[in-house]
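Listed below are the residues making up each chain.
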Amino acid sequence: MTELRNVEADLSRFRRRVLAASVAVFVCFVLLVTRLVWLQVVRHQELDEQAEANRTAIVPIVPNRGLIVDRNGIVLASNYSAYTLEITPSRLDAPVETVIDQLARIVEIQPRDRRRFKKLMEESKSIDSVPIRTKLTDEEVARFTVQRYRFPGVEIKARLFRSYPWGELASHAIGYIGRINQAEKKQMEDWPEEEQANYRGTEYIGKLGVEQSYEQQLHGTTGVEQVETAASGRAVRKLASTPAVPGNTVKLSIDIKLQKLVEDLYGNRRGAFVALDPKTGEVLAFVSKPTFDPNLFVDGIDQENWQALNESIDKPLLNRALRGTYPPGSTYKPYMALAALETGKRTPQQTIHDPGYFMFGGHKFRDDKEGGHGTVDMYKSIVDSCDTYYYMLANDLGVDTMHDYMAHFGFGELTGIDIAGEARGLLPSTEWKRKAYHRPEQQKWYAGETISLGIGQGYNNFTMLQLASALGTLVNNGVRMKPHLVKEVVDVTTRQVEPVAPEVTGRLDVKPQNIAVVLHAMEGVNIEGTSAAAFKGAGYTSGGKTGTAQVITIAQNAKYNAAQLDERHRDHALFVAFAPAENPRIALAMIVENGGFGASAAAPIARRVFDYELLGQYPSKEDMEAVRGAKATAPIGTPRGADAAWPPAGENVAVTVPIGGTPEAKASVRAAQTVAAAFSPSATATVGTPTAGTTWEPRWRPPAAEAAPAAAIKPVAQARR
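Residues numbered from 1 in each chain as written. Predicted model: local features only at pLDDT ≥ 70, side-chain atom pairs only at ≥ 80, totals over all residues. Heavy atoms only, no water.

Enquirer: Whenever I open this one, the overall build of the protein confuses me. Can you help?
Expert: Across its full length, the protein holds 26 helices and 28 strands. Going through the 721 residues of the protein one by one, you find that 49% of them count as buried. Summarising the internal contacts of the protein: among those between residues at least 6 apart in sequence, 73% fall at separations of at least 24. Accessible surface, the protein: about 34,200 Å² in total, of which carbon and sulfur atoms supply 52%. (Helix = DSSP H or I, 4+ residues; strand = E, 2+ residues; numbered from the N terminus. Buried < 20%, exposed > 50% of the residue type's maximum accessible area, 1.4 Å probe, protein only. Contact = heavy atoms within 4.5 Å. Areas by Shrake-Rupley, 256 points an atom, 1.4 Å probe, with all protein chains shown as cover.)

Listed below in C-alpha cells is the structure:
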C-alpha cells in the first residue's frame, strides 16, 4: 500500500527552514554592516593612522655632536664618519656565532672584535643593532655589499665617531664618550619625556670630564625622517624630514699648548698640576699624569687595553688633579701664617728660636734643617720653610681654630668645578674625628696630633685643585672664585655665545695688610728662599712656596734617605706659585709624586710655565730633558717661540666632516674649514658622503682667506688680554 506524503507538512517544514536561513543571513548581514560601520566610520581615523604607520616609518636623525675647543679655538674633540658592520640578533636566521664565522670569511674580524661584540650584546636588547666591526675600509664594504643577500639581520651603516686628535693630551679634563649601557638607559627612563625623545637613536653619551658634564650642550637636537617602507620593512622613499640640529661648540678655558708644555715637563713622572686665573676662576691647565688615550673608549675598549689601564700600578685612569688627595706639606704654611696674624697669635716681627726640633709630650718633632734656623720671624719662617715655627704655631692655635680658618679657603670642601667626580679631601677637626671613628679611644683628639698639622702633614689631605683655588683666593685679596673648565658655549646655528660668568663663592673677612705680609714672604721664597734657584734671572717677579710631604713615617732616630727607599715610598714634591707678583694673572698648585724636594722637582716646572705664560717662551730641548730628570733649576739653552712644539703630530692633520646635498651640508663644509684651520695653518679637511664602495671626495685645503677666526690661532702671550 502506497503512503501519501503530507504536502502541507513538507511546505510548513520548508518555510520554517527558509525563515531560519533568512534570519541567519539577516543576522550575519546586520553583523557585517555593523562591523563595517564600526571599522569604516567609528574607527576610521584610528585605523587610517595605523595603515599609514604600517606604510611609513619614523626614523630618528642623530645630530652631530658638538666640538670641544681650547681657549684659542684649537679643536680637542671632533667627529668623523666611518662604516660599521652591525648585527641585529633578533633578525638572524642562524646562531650568532655561525653568522660571525661566515662574516669573518668576507671581512677581517679579530678575537677582540668578537669579545667586544659579546660584551655589547649583553648590554643591549636583542632588537638593537650591535657593531661587530667598525671603521671598515672601502674594499671591505664592497666585498660585503656583494654578498649582503646571504646575511639577513646584518648591514653596513655609516656612523659618526668621536675623535680626540691629540690623543692623551688633556684627556682627564676633556673626558670621552662611550656606548650607553643598561644602567644609563634605566636612568634615562626618569628623564622628562622631551629629553628622552631627544635621545632616540642615540647610542653614545659622555662618560667623563667635559664630555659628561656638558652632555646636553654637546648632544644637539635629534631630527626625524618619515620614510615609506615596503612589506619587508625596507625604506622605499623619503616622505618628509626635520633636520637634526648639531650640538653646540664648547670652548674650554684651558690653553692646550700650555697643557702640553706641562705634560711634557712631567714626562713619565706621576702627579697633578692645576693652573687658574685667580680673578675669574678660569682653569688654564688641568694635568693628571699618567694619562690615557680617550680614543680607546669611543667604540668600546678591548679587554687587553682595559686590563692594561685598569690594573696599572700607576693608575692612569685616576684623575689626580680632581680626585687625588695629598698632604699639602709646607705649602700649607702661608695659610697658617695668615691665621696667626688674623687671630693675633703672632705678629710679623715676633720671633722664635729654632734649635732644629720641637719637643712635645716626650716626642721630638724634627725640623728639616739639622741644627735649626736660629732666630726666625714670620718672613723667614716662610722663606726658609722653618718647621719648628709652625709646630709651635699649631700648638698655640689648636686643631679647631685651624679648621675653622682654613675652611674659608675651601680646604676640605668641594670647589664646585664644572666636571663631576671631585674629591672633598680632609680638613681635620675634633668633630670630624668623633664622626669618623667608632671606638671611644679613636674618637678622642690627642694634643700631639695637632703639631704635625701645622706643617701640612697628619690628617691633612687635599687635592691640587683645592690648593690652586686656595692660592687664587689668597692672591685675589680674599675673594674666592669658583673654578671652571668651560669658558663659553657657542650655538652653532645662531652663533650666539653664552659665556660662563665668573662666580664668587666666598669673601674672606681678612685684613689686607695681613695678606700683604704673607704674599711678600712668598715673593721672598722665589727671590732668596727655597725656590730661588729655579727663578734666577726671571724677567718678572713671582711668589711661591715649596713643599715636601712624607709618604711613610720615618722613625725618630732614623734619617730620611731617598736612595734607601722604594721609589713609591719617597716624599712627594709640591709647589704653589703665582705671577706676576704685582698683579697675579696665574696661580698654580702642583705635585710630583715621590719626586723628593719641591724646590728641585716641582718649582722648575712652574718657572717654565710662567716663562711661557708671561713671556711667550718655550723651553729649549735640552732644558726640557733636564727638567724631566729633575736635573735643572733655572732654564738652560736658548728659549724657543711659544709655538715651537705645536702641533704635536706635525702639520699633516686631516679632519673628516661628512656632508650631503642639503643646506646643512654646506654649513658642514664651512665647519670643516674652521676645524682644519684650527688644527694647524696647513691642515686639510676631507669632506664627502660615505656610500658603499666609494671614496670620499674631494680633498680640500682651506685657503688663507677662509682660515679659522682670528681668535683661533694667537700667540700664547696675547691669548688672555
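Enquirer: Can you help me understand the packing of helix α14 (residues 333–343) against helix α16 (residues 387–397) in this one?
Expert: For any two helices packed against each other, one specifies the inter-axial angle together with the distance between the axes. Close contact between α14 and α16 brings their axes to 11 Å; oriented N to C, the two are set at 45 degrees. Viewed along their axes, α14 and α16 adopt a mutual orientation that is oblique. Like other packed secondary-structure pairs, α14 and α16 cross with a definite hand, here left-handed. Across the interface between the two elements, Lys333, Met336, Ala337, Ala339, Ala340 and Thr343 from α14 touch Asp387, Tyr390, Leu393, Ala394 and Leu397 from α16. A class-by-class count of the residues in the contact of α14 with α16 yields 8 nonpolar, 1 polar and 2 charged. (Axes fitted to C-alpha atoms, helices over the stretch in contact; angles between N-to-C directions. Parallel < 35°, antiparallel > 145°, perpendicular 65-115°, else oblique. Left-handed = near helix turned anticlockwise from the far one by under 90°. Nonpolar A, V, L, I, M, F, W, Y, C, P; charged D, E, K, R; others polar.)

Enquirer: Would you explain the pattern of salt bridges in this entry?
Expert: Counted according to the given criterion, the structure contains 34 salt bridges. The partner of Glu139 in a salt bridge is Arg143, and the shortest N-O contact between them spans 2.9 Å. Here Glu139 and its partner Arg143 are both found in helix α5 (residues 138–146), 4 residues apart, which amounts to about one turn of the helix. Judged by relative accessible area, Glu139 falls into the exposed class, the value being 55%. Judged by relative accessible area, Arg143 falls into the partly exposed class, the value being 32%. Residues Arg200 and Glu193 are paired through a salt bridge, measuring 2.8 Å at the closest nitrogen-oxygen approach. (Salt bridge = Lys/Arg side-chain N within 4 Å of Asp/Glu carboxyl O.)

Enquirer: I'm lost on the nonpolar core in this one. Help?
Expert: A general tendency of soluble globular proteins is for nonpolar side chains to be buried together. Core analysis: the largest hydrophobic core is formed by 100 residues, its most contacted members being Phe286, Phe411 and Leu474. Counting residues per element, this core draws most heavily on helix α21 (residues 464–475), at 8 residues. Residues contacting Phe411, with those up to four places away along its chain left out, are Tyr332, Tyr335, Met406, Leu427, Phe462, Gln466, Leu467 and Ala470. Grouped together as the second largest cluster of nonpolar side chains are 36 residues, Phe535, Met590, Val592 and Ala632 included. (Core = buried A, V, L, I, M, F, W, Y, C linked by side-chain atoms within 4.5 Å.)

Enquirer: Looking at this structure, how should I read the environment of Leu427?
Expert: The topology assignment puts Leu427 in the loop between α17 (399–407) and α18 (430–436). With 26 residues separating them in the primary sequence, Leu427 and Leu453 have C-alpha atoms 9.7 Å apart. The residues contacting Leu427, other than those within four sequence positions of it, are Tyr332, His403, Met406, Ala407, Phe411, Gly412, Asn460 and Phe462.

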